[in-house]
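Next come the chains, spelled out residue by residue.
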Amino acid sequence: MTDPAPASPPPTTAPARLTVLSGPTAVGKGTVSAEMRRRRPDLWISVSCTTRPRRPGEVEGVHYHFVTPERFDELVATGQMLEWAVVHGVHRYGTPREPVERQLAAGRPVLLELDLQGARQVRVAMPEAQFVFLTPPSFEELVHRLVGRGTEGPEERERRLATARQELDAVTEFDHVVVNDDVTRATGELMRLMGLQEQVA
Ligand SMILES: Nc1nc2c(ncn2[C@@H]2O[C@H](COP(=O)(O)OP(=O)(O)O)[C@@H](O)[C@H]2O)c(=O)[nH]1
Ligand SMILES: Nc1ncnc2c1ncn2[C@@H]1O[C@H](COP(=O)(O)OP(=O)(O)O)[C@@H](O)[C@H]1O
């Protein structure tokens, strides 16, 4: 008879985990991600590649890696993208695979902010990840935020809101739903889902 395997000690910290944050346009994904980064600088948030032009104030390697369509093709063809999608009908966005794998291997918590198509691809590629859907308190509030942000004209806003209606229907595909009624509260809920405690400076 063999002795039972010794029980492994309980983990002293939350296990490294990949979390995918998704949700419709203007729900506040960028705002909540920035607040997460502010409250937990050790959290690693992926920097995506995009073919869309850089906006004033955006910094290469911080907000995005801005690449040509040819370079994007090459990254996809050589398997360097964990996932990618055409978002809002025009430009391509994708997550470089290697940095995500490296950060997870180093034990850091990792957050990806993706559109719904990207979240679905990661579900297939990395089913052990957890999937969080950020939702607005109401559709009216989503419209209010999109208009208030002022980054799109009326035509583009209509296009995004049509996509948003479809995306909101996909909420049941996600492991958790966080209502972004208040940035501080929603960020706290996401931190708890990621097993992160507030770090007091
Ligand atoms: N699939 C996928 N979507 C992404 C990626 N990076 C950003 N997005 C999504 O692309 C959309 C457009 O982002 P952006 O151009 O910054 O516009 P804005 O967020 O509407 O100001 C957002 O819904 C993001 O969640 C990525 O690497 N992959
Ligand atoms: N909880 C909230 N309450 C009110 N306004 C919010 C909240 N979260 C985000 N916003 C505002 O909504 C707009 C869209 O947020 P943003 O982070 O750009 O969305 P996304 O990245 O999902 O497209 C911004 O003007 C932002 O300041």
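As the structure is a computational prediction, the values presented were derived from the model and not from experiment. (Residues numbered from 1 in each chain as written. Chains lettered and ligands numbered in written order. Predicted model: local features only at pLDDT ≥ 70, side-chain atom pairs only at ≥ 80, totals over all residues. Heavy atoms only, no water.)

## Brief notes about the overall build of the chain
Put simply, the rule reads: Numbering of helices and strands starts at the N terminus; helices are DSSP runs of H or I of at least 4 residues and strands are runs of E of at least 2. Just to be clear, the radius of gyration here is over C-alpha atoms, and the globule rule we use is 2.2 Å times residues to the power 0.38. The buried label goes to any residue with under 20% of its type's maximum accessible area, the exposed label to any with over 50%, and the partly exposed label to all in between, with areas taken from a 1.4 Å probe on protein chains only. Contacts are assigned to residue pairs with any non-hydrogen atoms lying within 4.5 Å of each other. Positive: Lys, Arg. Negative: Asp, Glu. His and the chain ends are not part of the count. Think of each charge as sitting on NZ of Lys, CZ of Arg, CG of Asp or CD of Glu.
Along the backbone of the chain there are seven helices and nine strands. Here the C-alpha radius of gyration of the chain, 18 Å, is about what a compact globule of 201 residues would show, namely 17 Å. Each of the three principal axes of the chain carries a C-alpha extent, and together these read 70 × 40 × 35 Å. Per-residue burial for the chain yields a buried fraction of 44% across its 201 residues. Expressed as a percentage of contacts within the chain between residues at least 6 apart in sequence, the contacts between residues at least 24 apart total 68%. Of the charged side chains in the chain, 24 are positive and 28 negative; the average position of the first set lies 3 Å away from that of the second.

## A short note on the UniProt feature "binding site: ATP" (unreviewed entry) in the chain
Rules: UniProt positions are given in the numbering used here, feature names are shortened, and annotations may be inferred rather than shown by experiment. With a 1 Å grid spanning the protein atoms alone, the term cavity applies to any set of points in which a 1.4 Å probe fits but cannot get out, the term pocket to an open set with protein on both sides within 12 Å along at least five of seven lines, and the term lining residue to any residue with an atom within 4 Å of a point.
The residues that UniProt annotates with the feature "binding site: ATP" (unreviewed entry) are Gly-23, Pro-24, Thr-25, Ala-26, Val-27, Gly-28, Lys-29 and Gly-30. Of the annotated residues named above, the ones that line the largest pocket are Gly-23, Pro-24, Thr-25, Ala-26, Val-27, Gly-28, Lys-29 and Gly-30. Among the secondary structure elements, Pro-24 is positioned in the loop between strand S1 (18–22) and helix H1 (29–39). Contact partners of Pro-24, with chain neighbours within four places excluded, come to Lys-29, Phe-133, Leu-134, Pro-136, Leu-142, Ala-164, Glu-167 and Leu-168. In this fold, Gly-30 is placed in helix H1.

## A word on the sheet that holds S1
Strands pair in a sheet through their backbones, by hydrogen bonds, and they do so in one of two ways: parallel or antiparallel. As a reminder of what qualifies: Here, any two strands with at least 2 DSSP bridges between them count as paired. Axis angles are defined between N-to-C directions and span 0 to 180 degrees, where every axis is a line fitted to C-alpha atoms and, for a helix, only to the segment in contact.
Strand order in the open sheet formed by five strands is S2-S7-S1-S8-S9, and the pairing between neighbours is parallel. Each edge of the open sheet is held by one strand with a lone partner, namely strand S2 (44–45) and strand S9 (176–179). Strands in contact with H1 are S1, S2, strand S7 (110–113) and strand S8 (130–135); relative to S7, the strand with the most contacts, it is inclined by about 165°. Along the sheet, helix H3 (residues 97–105) makes contact with S1, S2 and S7, crossing S7 at roughly 150°.

## Quick word on the environment of Pro-69
Relative to the helices and strands, Pro-69 is located in helix H2 (residues 69–77). In this structure Pro-69 comes out as partly exposed when scored by relative accessible area, which is 40%. Separated by 22 residues in sequence, Pro-69 and His-91 place their C-alpha atoms 9.0 Å apart. Pro-69 has contacts with Thr-51 and Arg-92, leaving out every residue within four places of it along the chain.

## So, the site of ligand 1
This is how the line gets drawn: Here a residue counts as near a molecule or strand whenever at least one of its heavy atoms sits within 4 Å of it. Side-chain atoms alone can form a polar contact between residues adjacent in sequence; in general such a contact is a pair of N or O atoms within 3.5 Å, and within protein one must be able to donate a hydrogen while the other accepts it. To measure how exposed things are, a 1.4 Å probe is used in the Shrake-Rupley method; for residues, cover is taken only from the protein chains shown. The way we define it, a molecule is inside a pocket or cavity when more than half of its atoms are within 2 Å of that pocket's grid points. Gly is put with the polar residues, along with every residue not named as nonpolar or charged; the nonpolar set is Ala, Val, Leu, Ile, Met, Phe, Trp, Tyr, Cys and Pro, and the charged set is Asp, Glu, Lys and Arg.
Around ligand 1, a shell composed of 18 residues is seen, among which Ser-48, Arg-52, Tyr-64, Tyr-93 and Arg-160 lie nearest. In the environment of ligand 1, an oxygen atom lies 2.6 Å from a nitrogen or oxygen atom belonging to the side chain of Ser-48. Here ligand 1, which alone exposes 570 Å², has 92% of that area covered by the protein. When each cavity is represented as a set of grid points, ligand 1 is found to reside in the largest pocket. At the level of elements, strand S5 (81–87) and strand S6 (91–96) are the ones that each hand at least two residues to the shell around ligand 1. A per-class count over the shell around ligand 1 returns five nonpolar, five polar and eight charged.

## As for the side chain of Thr-51
For Thr-51, the location among the structural elements is in the loop between strand S3 (49–50) and strand S4 (65–66). Apart from residues lying up to four places away in sequence, Thr-51 is in contact with Val-67, Thr-68, Pro-69, Phe-72, His-91 and Arg-92.

## Things to note about the site of ligand 2
Within the structure, ligand 2 sits among 14 residues, and Ala-26, Lys-29, Gly-30, Thr-31 and Arg-149 are positioned closest to it. In the environment of ligand 2, a nitrogen atom lies 3.2 Å from a nitrogen or oxygen atom belonging to the side chain of Arg-145. In this structure, Asn-180 approaches ligand 2 through a side-chain N or O atom, which is 2.9 Å from a nitrogen atom. In isolation ligand 2 offers 570 Å² of accessible surface; the protein chains occlude 72% of this area. Cavity membership is defined here by more than half of the atoms lying within 2 Å of grid points; on that basis ligand 2 lies in the largest pocket. Secondary-structure elements contributing two or more residues to the shell around ligand 2 are H1 and helix H5 (139–149).

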